[in-house]
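# What the coordinates show
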Amino acid sequence: VAKALDAPLLEATAPTGDGIVGTPAYLSPEAVTGATRADLDTRADVYALGCVLYKLLAGRQPFESDEPLLDRMLRIARADVPTPAHFFAGFKAEERDVVAGQRETTPAVLDRVLGGDLEPIVLKAMASDREQRYASASELQADIRRFLAHEPVEASAPGTFSRLRKFAVRHRSAVAATLLIVVALVGGIVARTIEARRARNAREQAEAVTAFLVDLFNSGIPWNGGTDKVSMHDLLREGAARIEGRKDLGPLARAQILTSIGGALMHQGDDDTAYPLLREALELRRRELGPDDPLVANTLVELGVMRQRYDLAEGEKYLREAVRIREAQLGPNDIWLANSLADLADIRRRQRAFADAEQLLLRSIAIREKALPANDPAIAASLSGTGQLYRDWGKFDKAETYLFRALEMRTKAFGPDHYVTSRSYDSISMLRAMQGRWPEAEQYLRKDLAIVERVRGPDHKYTAWVQVDLAQILMQQNRSAEAKELLVRALPKLEHATDLQDAYKEGTELLRRLP
């Protein structure tokens, strides 16, 4: 694309009459003016990719219009690219609604997205001075991947001095008359210096985390019985062992790795390995960032979700602290606050504090429905939690409405055989069991068991847990032989599962009563 232009489209301010190779709105300033036609390079392609990204985000390109071609070429050559957020803010209300709707969101949410880390990526790709752009499409791709991975991006918004230099070139006399105003910018320059240091520190932390994980994945140690097939659980445990000896990592980089590995191990069911990792991460973040930093709240959530399996009061303590921090630091309508409210509500449900749990869940739903697209799976999670609450509260009609709405949303988002969808099968099965509708309870729980066994494996403790529940349903239908077969298979896998001792005791008692 960059070399496809055989002649300049503009010489100074006059058209040459040459044809245009490519779509005008995607042409870079140097391609339009012809000033560097002889050595057009891939940075012109980067500019075109930036145009594509800009349109995907804001709905239109900044130089897309019905104005005469020459006027548009002049704007491309001379005008700064407006930020996507500023450009979108200038749309009429109807167009804002249409553009946001096409992206399955609201104008308010899209405003926040456009003003986030994607903004400097787009502006760097579309910089009028090609020296300020990404050197290649691969560099642009790498920064987008960093954004998707929630890592610091390499791009930065155009600096104060860059904007002043351009202004001075265009308005020399005005700059001379207002030179004293520069004094007022000193404070801003100092503030930007501090922010630059913070950004550099964040980037160094991200690089340290990345290097550690890359080394872990590339190690090739045959942890899994001497074969070259390594399970996720084995890999995480190896990471936990390696982090012990890495005293060279900075405290925040270490805390990030500990939280990532600890959280993943927790969701794998390995709480014994995960707990000390998360506790260390919490101590590091509190010490380095202070007790009220949002990253502290992130670790508190992981600990709260884990510890409520053993002690509901302990889990509640962690999650209430996370809710307090997120509401104070992120605001009352933040999506991360909604997540914490839902987690806390689950504990309050299990404590049978139903009215409190209801208020927490309804607030979580309100935040998520305002901030997320209509069918976002996170909304389904809140709906499912509310259905479980009403089920345990004995309000079965309400429970059915919420649980089946969550199942419909999850099936649409993930399909009927996804692990997330299986959580709805489990909740509905329990509802049907409490209603005494045993065949339906069995039907839904068998769907759940098939998915859990496929995802977790036949010997996993969570598979055994579902098998114990299924045995109880079979017993209610006078199918003792089938129930006994399930219990004999399941109980050995639960015997040493410290977080599932209630299920183990229930299964053991049930087996004792079987003929």
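Quick caveat, the model's predicted, so the values are computed rather than measured.

Looking only at helices and strands, one finds 25 helices and two strands in the chain. Put simply, the chain has 515 residues, and 41% of those count as buried. Counted over contacts in the chain with a minimum sequence separation of 6, partners at least 24 positions apart contribute 60%. As displayed, the chain offers around 26300 Å² of accessible surface, 55% of which is attributable to carbon and sulfur atoms.

Looking at where Thr463 falls in the secondary structure, it is placed in helix H23 (residues 461-476). The exposure class assigned to Thr463 is buried, which follows from its relative accessible area of 0%. Setting aside residues no more than four positions away along its own chain, Thr463 makes contact with Leu449, Val452, Glu453, Arg456, Gly457 and Pro458.

Counting across every chain of the model gives 28 salt bridges. One salt bridge connects Arg43 with Glu131, and the closest N-O pair in it is separated by 3.2 Å. Highlighted residues: Arg43 in helix H2 (residues 42-58) and Glu131 in the loop between helix H7 (118-125) and helix H8 (137-148), separated in sequence by 88 residues. Measuring nitrogen to oxygen at the nearest pair gives 3.7 Å for the salt bridge that ties Arg513 to Glu509. One end of the pair, Arg513, and the other, Glu509, are both in helix H25 (residues 501-513), four residues apart, so they sit about a helical turn from each other. Salt bridges linked by common partners bring Glu316, Arg320, Arg348 and Asp356 together as one network.

By size, the foremost hydrophobic cluster in this structure holds 41 residues, and its most contacted members are Ile261, Leu265, Leu277 and Leu300. Looking at this core, the elements with two or more residues in it are helix H12 (232-244), helix H13 (251-267), helix H14 (271-289), helix H15 (294-307), helix H16 (312-330), helix H17 (335-350) and helix H18 (354-371). One finds Ala85, Val99, Ile121 and Ala125 within the second-largest nonpolar core, a separate group that totals 26 residues.

Going through the model one piece at a time under the given rule, you end up with nine aromatic pairs. The interplanar angle of 35° and the centroid separation of 6.4 Å between the aromatic rings of Tyr425 and Tyr444 together place this pair among those described as tilted. Here Tyr444 lies in helix H22 (residues 438-456) and Tyr425 lies in helix H21 (residues 419-434), a separation of 19 residues in the sequence. Each member of the pair, Tyr425 as well as Tyr444, is classed as buried. Among the aromatic residues, ring-to-ring pairing joins Tyr54, Phe87, Phe88 and Phe91 into one connected group. The residue whose ring lies beneath Lys395 is Trp393, and the NZ or CZ to ring-centre distance is 3.8 Å. Sitting over the face of the ring of Tyr419, Arg423 holds its NZ or CZ atom 5.1 Å from the ring centroid.

Cut-offs and rules
- Residues numbered from 1 in each chain as written.
- Predicted model: local features only at pLDDT ≥ 70, side-chain atom pairs only at ≥ 80, totals over all residues.
- Heavy atoms only, no water.
- Helix = DSSP H or I, 4+ residues; strand = E, 2+ residues; numbered from the N terminus.
- Buried < 20%, exposed > 50% of the residue type's maximum accessible area, 1.4 Å probe, protein only.
- Contact = heavy atoms within 4.5 Å.
- Areas by Shrake-Rupley, 256 points an atom, 1.4 Å probe, with all protein chains shown as cover.
- Salt bridge = Lys/Arg side-chain N within 4 Å of Asp/Glu carboxyl O.
- Core = buried A, V, L, I, M, F, W, Y, C linked by side-chain atoms within 4.5 Å.
- Phe/Tyr/Trp six-rings, centres within 6.5 Å; stacked < 30°, edge-to-face > 60°.
- Lys NZ or Arg CZ within 6 Å of the ring centre and 35° of its normal.

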